[in-house]
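Remarks on the overall topology
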Amino acid sequence: KTAMTQIHGIDSNGHILVGIPAFAAVYARCNLLITSTLLRIPLIQVALQPFYRLFAKYRLLITGRKNDK
């Protein structure tokens, strides 16, 4: 249940990424380098954090998947 509060990913080195850094890694892997680079800037991460929290909380609803609370 705790893991569902934020999006998690694992990079190619086996490191667990949580939240915005996970998105940055996904975008880098998809060759969206400008987006990935922007998401790695600490000031941008701070600015996006409130929006990320909302997205993470409601992502199942937003994507049309069932919420298993």
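Everything below is about the structure shown above.
So, a few notes on the structure that sits alongside this text. (Residues numbered from 1 in each chain as written. Predicted model: local features only at pLDDT ≥ 70, side-chain atom pairs only at ≥ 80, totals over all residues. Heavy atoms only, no water.)

What follows is about the packing of aromatic side chains. Evaluation of the coordinates by the stated rule reveals 3 aromatic pairs. Ring centres of phenylalanine 23 and phenylalanine 55 lie 6.0 Å apart, and the angle between their planes is 65 degrees; on these two criteria the pair is classed as edge-to-face. Placement of the pair is phenylalanine 23 in helix 1 (residues 20–29) and phenylalanine 55 in helix 3 (residues 42–62), with a sequence separation of 32 residues. Classification of phenylalanine 23 by relative accessible area gives partly exposed; the value is 23%. Judged by its relative accessible area of 28%, phenylalanine 55 falls in the partly exposed class. (Phe/Tyr/Trp six-rings, centres within 6.5 Å; stacked < 30°, edge-to-face > 60°. Helix = DSSP H or I, 4+ residues; strand = E, 2+ residues; numbered from the N terminus. Buried < 20%, exposed > 50% of the residue type's maximum accessible area, 1.4 Å probe, protein only.)

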